[in-house]
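# Close look at the chain arrangement
One-letter residues, chain by chain:
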Amino acid sequence: MAIEGDDELRDILELDTVAVVGCSSTPGKDAHEIPKYLRDHGYEVIPVNPFADEIFGREAADSLADVDEEIDIVDVFRPSEEVPEIVDAALERDDVDTVWMQLGIRDDDAAKRAEDAGKRVVQDRCMKVEYGRLMG
């Protein structure tokens, strides 16, 4: 069951480190502006994009497996059909607390697999919008 309640969302939003899968180096794109907003509001944002060398002055990781830091939230900015492989990569890590799929992105089967493995899951919600609504 994907997380819907404000209290649980607030708990997730109090975490610190967000790996953004599909983070964009192009200003103006949601996959750039929303992670930038999160950075501006105190999150450590780890860009994950195999096609970018650097985003926000930080080296972009090619995949979740290439991230050395601890990850609290995996924020997904990729099409829904790519969610299963991203969830698989998140499940290979012991540190991921939450898989967050941005607005318009969902995969119920992958979400269930993540939940069955003890991860919290948010689907089809914008982290920036929820942060502004609950933490702003």
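Just so we're clear, the structure is a prediction, and the values are computed from it rather than from any experiment. (Residues numbered from 1 in each chain as written. Predicted model: local features only at pLDDT ≥ 70, side-chain atom pairs only at ≥ 80, totals over all residues. Heavy atoms only, no water.)

### What about the overall build of the protein chain?
A count of helical and extended segments in the protein chain gives 5 helices and 7 strands. The helix and strand sequence of the protein chain, counted from the amino end, reads α-β-α-β-β-β-β-α-β-α-β-α. The C-alpha radius of gyration of the protein chain comes to 13 Å, within 12% of the 14 Å expected for a compact globule of 136 residues. Across its three principal directions, the C-alpha atoms of the protein chain cover 35 × 30 × 25 Å. Here the protein chain holds 136 residues, and the buried ones make up 48% of them. Residue pairs at least 24 apart in sequence account for 62% of intrachain contacts in the protein chain once pairs closer than 6 positions are excluded. About 6900 Å² of surface is accessible on the protein chain, with carbon and sulfur atoms providing 42% of the total. (Helix = DSSP H or I, 4+ residues; strand = E, 2+ residues; numbered from the N terminus. Rg over C-alpha atoms; globule rule 2.2 N^0.38 Å. Buried < 20%, exposed > 50% of the residue type's maximum accessible area, 1.4 Å probe, protein only. Contact = heavy atoms within 4.5 Å. Areas by Shrake-Rupley, 256 points an atom, 1.4 Å probe, with all protein chains shown as cover.)

### What about the nonpolar core?
L13, L38, Y43, W100 and M127 are the most contacted members of the largest nonpolar core, which has 24 residues in total. At the level of secondary structure, the elements contributing two or more residues to this core comprise helix 1 (6–13), strand 1 (17–21), helix 2 (30–40) and helix 5 (127–134). Counting residues in hydrophobic clusters, the runner-up holds 22 residues, among them I86, V96, V99 and M101. (Core = buried A, V, L, I, M, F, W, Y, C linked by side-chain atoms within 4.5 Å.)

### As for the layout of surface pockets
Taken as a whole, the largest pocket spans an internal volume of roughly 310 Å³. Forming the boundary of the largest pocket are 15 residues, of which V21, P50, D62, R78 and E82 lie nearest the centre. Among the elements that line the lining of the largest pocket, the one with the most residues is helix 3 (residues 83–91), at 3 residues. (1 Å grid on protein atoms, 1.4 Å probe; cavity = no way out; pocket = protein on both sides within 12 Å on 5 of 7 lines; lining within 4 Å. Points joined across faces, edges and corners; volume = space filled by probe spheres on them.)

### Looking at the packing of helix 2 against helix 5
Running from N to C, helix 2 and helix 5 cross one another at 35°; their axes reach a closest spacing of 9 Å. Contacts from I34, Y37 and L38 of helix 2 reach helix 5 at M127, K128, Y131 and G132. For the contact of helix 2 with helix 5, the residue count by class is 5 nonpolar, 1 polar and 1 charged. (Axes fitted to C-alpha atoms, helices over the stretch in contact; angles between N-to-C directions. Nonpolar A, V, L, I, M, F, W, Y, C, P; charged D, E, K, R; others polar.)

### Here's the deal with a negative patch on the surface
Together, D53, E54, E59, D62, D66 and D68 make up a negatively charged patch on the protein surface. Structurally, the position occupied by E54 is in strand 3 (residues 54–55). The exposed category is assigned to E54, whose relative accessible area is 51%. (Patch = residues over 30% accessible without salt bridge, like charges linked within 9 Å, V, L, I, M, F, W, Y side chains within 5 Å. Salt bridge = Lys/Arg side-chain N within 4 Å of Asp/Glu carboxyl O. Lys, Arg positive; Asp, Glu negative; His and termini not counted. Charge placed at Lys NZ, Arg CZ, Asp CG, Glu CD.)

### What about unusual backbone geometry?
Even without being a glycine, F56 presents a positive backbone phi close to 60°. A positive phi is found at D124, a non-glycine position, where the angle reads about 55°.

### Here's the deal with the pattern of salt bridges
Evaluation of the coordinates by the stated rule reveals 13 salt bridges. Notably, a salt bridge pairs R133 with D6, separated by 2.7 Å at the nearest N-O pair. You can see R133 sitting in helix 5 and its partner D6 sitting in helix 1, a full 127 residues away along the chain. Ionic pairing is found between D116 and K112, a salt bridge with its closest N-O pair at 2.9 Å. Within this pair, D116 and its partner K112 are both found in helix 4 (residues 108–116), separated by 4 residues, close to a single helical turn. We classify D116 as exposed; its relative accessible area is 57%. Each member of the salt-bridge network shares a partner with another, and the members are D6, R125, E130 and R133.

Structural measurements only, silent on function.
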